[in-house]
Amino acid sequence: MLTHPSFPERLKGGKPLLTAWCGLPDPSVAGILAREDFDAVVLDTQHGSIDFAASLQAVPLIAAAGKPALVRIPVGDFASASRYLDAGASGIIAPMINTVEDARRLAAFTKFPPVGERSWGAYGALALSGLEPGEYLRTANDLAVSFAMVETREALAIIDDILAVPGIDGVFIGPSDLSIALAGGKGLDPTSAEVDKALDHALARVKAAGKIAAIYAVSGARAAELSARGFHMVAIGSDISMLRTGAHAALAAARA
Ligand code: 3PY
Ligand code: MG
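For clarity, every value in this text was computed on a predicted model and none was experimentally measured. (Residues numbered from 1 in each chain as written. Chains lettered and ligands numbered in written order. Predicted model: local features only at pLDDT ≥ 70, side-chain atom pairs only at ≥ 80, totals over all residues. Heavy atoms only, no water.)

**A closer look at the overall build of the chain**
Logical step 1: Regarding its fold elements, the chain presents 13 helices and eight strands.
Logical step 2: Computed over C-alpha atoms, the radius of gyration of the chain comes to 18 Å, within 12% of the 18 Å expected from 2.2 N^0.38 for 256 residues, which places it in the range of a compact globule.
Logical step 3: Within the chain, buried positions represent 52% of all 256 residues.
Logical step 4: Residue pairs at least 24 apart in sequence account for 62% of intrachain contacts in the chain once pairs closer than 6 positions are excluded.
Logical step 5: Carbon and sulfur atoms make up 58% of the accessible area of the chain, which totals about 11,100 Å². (Helix = DSSP H or I, 4+ residues; strand = E, 2+ residues; numbered from the N terminus. Rg over C-alpha atoms; globule rule 2.2 N^0.38 Å. Buried < 20%, exposed > 50% of the residue type's maximum accessible area, 1.4 Å probe, protein only. Contact = heavy atoms within 4.5 Å. Areas by Shrake-Rupley, 256 points an atom, 1.4 Å probe, with all protein chains shown as cover.)

**Focus on a nonpolar patch on the surface**
Logical step 1: There is a patch of nonpolar side chains on the surface, built from Trp120, Tyr123 and Leu137 and spanning about 350 Å² of accessible area.
Logical step 2: Relative to the elements of secondary structure, leucine 137 occurs in helix H7 (residues 133-143). (Patch = residues over 30% accessible without salt bridge, like charges linked within 9 Å, V, L, I, M, F, W, Y side chains within 5 Å. Salt bridge = Lys/Arg side-chain N within 4 Å of Asp/Glu carboxyl O.)

**A look at helix H2 (residues 27-34)**
Logical step 1: Within H2 the residues assigned to the buried category are Pro27, Ala30, Gly31, Leu33 and Ala34. All buried residues of H2 project into a common sector of 165° when viewed along the axis, lining one side.
Logical step 2: Considering only its buried residues, H2 is in contact with strand S1 (17-22), strand S2 (40-44), helix H3 (52-64) and helix H13 (239-255). (Arc of directions from axis to C-beta.)

Here's what the structure looks like:
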């Protein structure tokens, strides 16, 4: 939520937070998953089929369940990050941040001056937070988290520089793209030993910078491993995979 303790404070609180990961087009899917025991819900507008309007509608549905909403924006679509924050999102996850300039642009669109250049118009966030405009302006930069996704060799090589950009609150590792990058495009294995080594290195650098480390997990079992490793937030994906897993289990039980 956008009030005290803020989502960034909870992320730094020591206990790993687990989030749902939604890409299905109807906002009610995110609203329903928010009622399960997730700590937050991510709307994936990079690869999900959920569109801009439906994602905006999902934010208050998630908030109505008392949970923070985060949005993964499409690559380079930093203007949408401001609009999701205006609607009351508690976090932005920006994919493919491969240069310091990418990180600076993310911070510019997600933080108010003097840190960034976010423009005023947070009407949904004011309604959801109950804050007066002046108070929201004073606190907004600390109420929502800006994650730079590290998922390429280029990003790994400059992770300290990305972390040093004012307004970047943390790093979100994309283990699938990272695995493709590390394999030179020859394969996809988000749980390979090579990916594990890279993510341990990234995690250590994020912790050394005193920032927030998050990652995507393909399953609950993998999420348990990654939480135990020390990530502050682990997203368990996705709504489609949970639907399919439920369908497989129901049909297996029915045909047993
Ligand atoms: C990745 O693993 O590449 C992601 O972006 C998370 O889905
Ligand atoms: Mg990715």
